Amino acid sequence: MTNYEEKILAALADKYRKSKKDQGTSVIARRTKISPSLLYRQYSRNDGDPEEIQAVNQAAARCQEKGFLTFETAGFSNEIESIYLNDSKIEEIERCLEETGRYESKSSKRRYVEGLISTYGGRSPAAERECEKLRQSLEKNRIPQKYLQTGELLKALVFIENNQEDLYLREASMLIYGDSKYLEDNTLYPVCRALRDSLGRPCEEDELEDEILEEYHITREKQKLCIKGDVMLRTGGKELDLSDFKDGVEFFSGQLKELEWIHVRASALMTVENYTSWLRLSSADRAVFYLGGYATRDQRDFLKTVYACNPGLTFLHFGDIDAGGFYIHEHLCRVTGIPFQMYRMSRAELQDPRFKSCLHPLTQQDRMRLRALETHTAYGEMAEYMLERNVKLEQEIVSYYEDENADK
């Protein structure tokens, strides 16, 4: 059964810490209050489990005995109507919660942020700008909402702004984080925005945000474009029928300048996030284009050419069912101006019994990124579902069964 004592105290502490009262700016003396339905959704409903309701009541009573809170009941019943925090006990409550290992107090968060300022402040122009934002937040007794992500951002800014060596993007990621994909998958665009803000260099209309890295001797790897399916290309005055190549073709992006037109005879073109899935997928009724992550300038230009040459063509995107997959889709639609529909990136895949053993729990970084998507029209429902179920799924297992689905 749920540990309702811990859940009550955490809910009250979180609400207090987010209030103007904690920041010292409240002009109205309001008590910090939660409803028991926040703890157990069916608390006040006729179909509520009596044992769960009793557990909530008993937990509230134990917390009241410790002086942490008070509560009001509805009329002459035992049903709790509202639970109120004893504000003077907030520090003691947070210390108790921290002992569980599942809660971080405001004082611990503050020490972490102060450590960031001490470690990275003044070590590069953009990093100093970010540290000044942190100082201003602490002066107002606020903890920045994304303080953990800010630590990863500062680490990258200090490295990049002090770099004098010619590096590829994934080499830089290895040197910063010890992971070749971490920069691209998690912090690339916050880093690039911070660099642009520091330089006063907003992104031009025909420029990708990450091209600012070239100012710091960091470039993406030489790009290959990978496509297969019923597609005709005209390049250098010659026509090439890609349907003759069952496994598709790969060509360096430098050849784009020779591309005269492209005709997709299939019913749709689908971009695919991961290379294994691109290899696996059939091209019988669609052209399949390997994306590999966030769309690069060359991929963007190629896809825009396809869009211009093929009015009425359906565009799909197939990626991982995680925060990164949704951000890649959003970026793809934004930089190309093409309304890509998401393909097999839904709740149905997360609920498919064939994929159950392949579901992964969310990391803390996953949760932060999904919470940022909860209010987004296209991704909000999925983000909420994944946060509630603590699940994500890589696309390779979905593409493995794709031919089986196509036959049904």
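Since we're looking at a predicted model, the values are computed, not measured.

Novice: Can you walk me through the overall build of the protein in this structure?
Specialist: Check the secondary structure of the protein and you find 17 helices and 14 strands. The dimensions of the protein, computed from C-alpha atoms along their principal axes, are 85 × 60 × 35 Å. Classification of the 408 residues of the protein by burial places 47% in the buried group. A separation threshold of at least 6 residues defines the contact pool for the protein, and within that pool the share at least 24 residues apart is 65%. For the protein, the accessible surface area stands at approximately 21400 Å², while carbon and sulfur atoms represent 46% of it.

Novice: What is the right way to read the pattern of salt bridges from this model?
Specialist: Pairs can form between side chains of opposite charge once their charged atoms are near each other. Enumeration according to the criterion identifies 32 salt bridges in this entry. A salt bridge links K392 to D366, with the shortest nitrogen-to-oxygen separation between them at 2.7 Å. With K392 in the loop between α15 (380-389) and α16 (395-400) and D366 in helix α14 (residues 364-373), the pair connects residues that are 26 residues apart, well separated along the chain. Overall, K392 belongs to the buried group, its relative accessible area being 18%. For D366, a relative accessible area of 12% puts it in the buried group. Beyond isolated ion pairs, a larger network of salt bridges with shared partners links R170, E184, D210 and R220.

Novice: Is there a simple way to explain the UniProt feature "domain: Wadjet protein JetD C-terminal" (unreviewed entry) in the protein in this structure?
Specialist: In this structure's numbering, the residues bearing the UniProt feature "domain: Wadjet protein JetD C-terminal" (unreviewed entry) are residues 238-400. Between the first and last C-alpha atoms of residues 238-400 the distance is 35 Å; the span itself is 39% helix and 18% strand.

Novice: How should I be thinking about the sheet that holds strand β14 (residues 341-342) in this particular structure?
Specialist: Neighbouring strands of a sheet are bound in pairs by backbone hydrogen bonds; such pairs are parallel or else antiparallel. Spatially, the six strands line up as an open sheet ordered β9-β6-β12-β11-β13-β14, and their pairing is mixed. Sheet topology places β9 (249-252) and β14 at the edges, where each strand pairs with a single neighbour. Examined bridge by bridge, strand β11 (residues 268-272) and strand β13 (residues 314-318) share five bridges and lie parallel to one another. Considered in β13, the bridge of T271 is made with H317. In the packing of helix α12 (residues 323-336) onto the sheet, the strands contacted are β11, β13 and β14, and the crossing angle to β13 comes to about 150°.

Novice: I'm lost on the environment of I227 in this one. Help?
Specialist: Note on placement: I227 falls in strand β6 (residues 224-228). Residue classification places I227 among the buried residues on the basis of a relative accessible area of 0%. A C-alpha to C-alpha distance of 27 Å links I227 and Y379, two positions 152 residues apart in sequence. Once residues within four sequence positions are removed from consideration, I227 is found in contact with L242, G248, V249, F251, L269, W278, V288, F289 and F302.

Novice: In this structure, what is going on with the side chain of K106? I would like to understand it.
Specialist: Structurally, K106 is set in helix α5 (residues 106-120). Looking at K106, the relative accessible area reads 9%, which means it is buried.

Novice: What is the right way to look at the packing of helix α11 (residues 297-309) against α12 in this model?
Specialist: A pair of packed helices can be characterised by two numbers: the angle between their axes and the separation between those axes. One can describe the packing of α11 onto α12 by two numbers: an axis separation of 10 Å at closest approach and a directional angle of 65°. Both α11 and α12 take part in a crossing whose hand is right-handed. Facing α11, whose interface residues are R300, L303 and K304, α12 presents L332, V335 and T336. When grouped by side-chain class, the residues that make up the contact of α11 with α12 number three nonpolar, one polar and two charged.

Novice: Mind showing me how you'd approach the layout of surface pockets here?
Specialist: Picture a little ball the size of a water molecule; that probe, rolled over the atoms, points out where space is still empty. When its volume is computed, the largest pocket comes out at roughly 1800 Å³. In terms of lining residues, the largest pocket is bounded by 35 residues, among which D14, K18, Y103, K109 and R371 are the most central. Contributing elements (two or more residues each) for the lining of the largest pocket: α1 (4-17), α2 (20-23), α4 (90-98), α5, α7 (147-161), α14 and α15. For the lining of the largest pocket, the leading source of residues is α1, giving seven residues. Of the residues that constitute the lining of the largest pocket, the class distribution is 13 nonpolar, four polar and 18 charged.

Novice: What is the right way to read the state of the cysteines from this model?
Specialist: Applying the stated criterion across every chain, the model contains zero disulfides. Not engaged in a disulfide, the cysteine C96 finds its nearest cysteine sulfur in C63; these two sulfurs lie 9.3 Å apart. Residue C96 is classed as partly exposed on the basis of its relative accessible area of 33%. C131 forms no disulfide, and the closest cysteine sulfur to it belongs to C192, at a distance of 18 Å.

Novice: For this particular structure, what's the right way to read the side chain of Q395?
Specialist: Looking at the element boundaries, Q395 is found in helix α16. Under the relative-accessibility criterion, Q395 is labelled buried at 1%.

What counts and how
Residues numbered from 1 in each chain as written. Predicted model: local features only at pLDDT ≥ 70, side-chain atom pairs only at ≥ 80, totals over all residues. Heavy atoms only, no water. Helix = DSSP H or I, 4+ residues; strand = E, 2+ residues; numbered from the N terminus. Buried < 20%, exposed > 50% of the residue type's maximum accessible area, 1.4 Å probe, protein only. Contact = heavy atoms within 4.5 Å. Areas by Shrake-Rupley, 256 points an atom, 1.4 Å probe, with all protein chains shown as cover. Salt bridge = Lys/Arg side-chain N within 4 Å of Asp/Glu carboxyl O. UniProt positions renumbered as here; feature names shortened; annotations may be inferred. Pairing = 2+ DSSP bridges. Axes fitted to C-alpha atoms, helices over the stretch in contact; angles between N-to-C directions. Left-handed = near helix turned anticlockwise from the far one by under 90°. Nonpolar A, V, L, I, M, F, W, Y, C, P; charged D, E, K, R; others polar. 1 Å grid on protein atoms, 1.4 Å probe; cavity = no way out; pocket = protein on both sides within 12 Å on 5 of 7 lines; lining within 4 Å. Points joined across faces, edges and corners; volume = space filled by probe spheres on them. Disulfide = S-S within 2.5 Å.

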